[in-house]
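Coordinates in review
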Amino acid sequence: MKATVTVMLKAGVLDPQGKAIAHALGTLGFKGVEDVRAGKVIELELAETDPDRARAAAEEMARKLLANTVIESFRVSLDG
Amino acid sequence: MKAGIVIFPGINRERDMAIALAQSSGEAPRMVWHKETDLSGLDLVVIPGGFSFGDYLRCGAMAARSPVMQAVHDHAARGGYVLGVCNGFQILVEAGLLPGALLRNASLRFLSMDCHLRVERSDTVFASRYQRNQTFRAVMAHGDGNYFADDATLDRLEGEGLVAFRYATPQGEVTPEANLNGSVRSIAGIYTPNLRVLGLMPHPEDLVDPLMGGADGKPLFDALAAA
């Protein structure tokens with residue numbers, strides 16, 4: 001089962017990378033980009049086939065390593 | 001005190017740290033590989049700067065979960081001294097030994113330059129050879145040194161006097177211009193409540209001999225050697 005963990009900086013944590021991307025998009029002529037936030041996507045191939053257990057395992061991995069919950073939030077989605 | 005330096009793959013400042021420690025104490029520190037788990041006999045454990053595990057995922061994230069870090073936790077819990085500089089500071093916050101996190105510099109640039117640190121308190125072993133509110137020069141060399149913590153954590157750090165150093169002008173004024181990496185409240189280094197674990201971004205070990213261009217960092221190592 002594949003689990004996808006999306007890690008984003010929490011609201012209120014300055015995201016200079018997102019700001020730089022927004023600035024570059026403006027330079028390229030893209031208009032109306034009001035805000036950009038940059039994060040990470042981590043894909044996990046899990047042997048687990050039970051969706052609840054797979055989700056619980058991925059969330060535990062996110063809390064212990066994949067995200068730093070001081071500054072980042074995460075969400076887990078499962079496919080197939 | 002007897003010192004050891006923990007080395008992870010990608011750490012590159014361990015020799016400078018060893019020179020600084022040995023110059024003050026007259027004794028070469030023990031070099032500890034990250035797979036070791038025995039820190040017995042050490043009074044001070046130092047985690048030096050560099051790019052442990054290539055800074056993959058987040059700076060210090062991999063190193064913080066290495067086998068040796070449980071021993072560092074135990075050492076700190078016993079009241080042992082710990083010093084983390086640069087990547088070492090990032091590793092200590094990732095390991096949860098110090099609160100907060102180190103974000104990308106606000107300018108998005110890697111900063112390799114001198115800075116000045118104001119000593120917020122001198123009644124700790126680390127800062128005992130400085131004066132309170134004294135400013136000393138140190139070298140910063142980091143891309144992710146922008147200290148961050150939530151307001152409740154910051155208020156606790158300030159309330160308990162756990163801010164060790166702040167970025168300042170050479171005259172000791174804490175200004176936005178002197179806060180080169182954008183750290184919240186200009187925080188450059190912090191202590192644990194028992195004042196025995198110190199993490200800071202700039203490198204005091206880079207200035208411990210006039211031949212290096214200054215000896216501003218030497219009092220820190222002299223104090224540790226004498227403690």
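Residues numbered from 1 in each chain as written. Chains lettered and ligands numbered in written order. Predicted model: local features only at pLDDT ≥ 70, side-chain atom pairs only at ≥ 80, totals over all residues. Heavy atoms only, no water.

**Here we look at the sheet that holds strand β3 (residues 44-47) of chain B**
Residue and element names in this part refer to chain B. Spatially, β2-β1-β3-β4-β11-β10-β9-β6-β7 is the arrangement adopted by the nine strands of the open sheet, whose pairing is mixed. Of all strands in the sheet, those with a lone pairing partner are β2 (30-33) and β7 (135-142), marking the two edges. On average, each strand axis in the sheet is tilted by 25° relative to the strand beside it, whichever way the strands run. Taken together, the four bridges between strand β4 (residues 81-85) and strand β11 (residues 197-200) define a ladder with parallel strand orientation. Bridge pairing in β11 links Val85 to Leu200. Contacts between helix α3 (residues 87-94) and the sheet are confined to β3, β4, β10 (187-191) and β11, with β4 contributing the most and set at about 120° to the helix. (Pairing = 2+ DSSP bridges. Helix = DSSP H or I, 4+ residues; strand = E, 2+ residues; numbered from the N terminus. Axes fitted to C-alpha atoms, helices over the stretch in contact; angles between N-to-C directions. Contact = heavy atoms within 4.5 Å.)

**Describing the interface of chain B and chain A**
If you look at the interface, chain B gives 13 residues, while chain A gives 17 residues. Between chain B and chain A, the buried area comes to about 1,200 Å², and carbon and sulfur atoms account for 69% of it. Here chain B and chain A share one salt bridge between them. In this structure, the salt-bridge partner of B:Arg58 is A:Glu72, at a minimum N-O distance of 3.7 Å. Connecting chain B to chain A are five residue pairs in polar contact (both at pLDDT 80 or more). (Buried area = accessible area lost by both parts, 1.4 Å probe. Salt bridge = Lys/Arg side-chain N within 4 Å of Asp/Glu carboxyl O. Polar contact = N/O pair within 3.5 Å; in protein donor to acceptor, adjacent residues only side chain to side chain.)

**Concerning α3(B)**
Residues and elements named next belong to chain B. Of all eight residues in α3, eight are buried, a share of seventy percent or more. Within α3, the full set of buried residues consists of Asn87, Gly88, Phe89, Gln90, Ile91, Leu92, Val93 and Glu94. Positive backbone phi, approximately 80°, marks Gly96, located one or two places after α3. (Buried < 20%, exposed > 50% of the residue type's maximum accessible area, 1.4 Å probe, protein only.)

**Structural notes on the sheet that holds strand β2 (residues 39-45) of chain A**
Residue and element names in this part refer to chain A. A sheet is described by the order of its strands in space; here three strands give the open sequence β2-β1-β3, paired in antiparallel fashion. Either end of the sheet is taken by a strand with one partner, and the two such strands are β2 and β3 (72-79). Each neighbouring strand pair of the sheet contributes to a mean axis angle of 20°, computed without reference to strand direction. Where strand β1 (residues 2-9) meets β3, eight bridges bridge the pair, whose relative direction is antiparallel. From the neighbouring strand, Thr4 faces β3, where its bridge partner is Ser77. Contacts from helix α2 (residues 51-66) reach β1, β2 and β3 within the one sheet, and its direction differs from that of β3 by about 155°.

**Quick look at the packing of helix α1 (residues 14-25) of chain B against helix α5 (residues 218-226) of chain B**
Residues and elements named next belong to chain B. Where α1 contacts α5, the two axes come as close as 8 Å, and the packing angle between them is 60°. As judged from the angle between their axes, α1 and α5 are oblique. Crossing of α1 against α5: the hand is right-handed. Residues Met17, Ala20, Leu21, Gln23, Ser24 and Ser25 of α1 lie in contact with α5, whose contacting residues are Lys218, Phe221, Asp222 and Ala225. The class makeup of the residues in the contact of α1 with α5 is five nonpolar, three polar and two charged. (Parallel < 35°, antiparallel > 145°, perpendicular 65-115°, else oblique. Left-handed = near helix turned anticlockwise from the far one by under 90°. Nonpolar A, V, L, I, M, F, W, Y, C, P; charged D, E, K, R; others polar.)

**As for the packing of aromatic side chains**
Residues and elements named next belong to chain B. Counting across every chain of the model gives seven aromatic pairs over all chains. Aromatic pair Phe8 and Phe53: ring centres 6.4 Å apart, planes at 55°, arrangement tilted. Of the two residues, Phe8 sits in the loop between β1 (3-7) and α1 while Phe53 sits in the loop between β3 and α2 (67-77), which places them 45 residues apart along the sequence. Residue classification places Phe8 among the buried positions, given a relative accessible area of 1%. (Phe/Tyr/Trp six-rings, centres within 6.5 Å; stacked < 30°, edge-to-face > 60°.)

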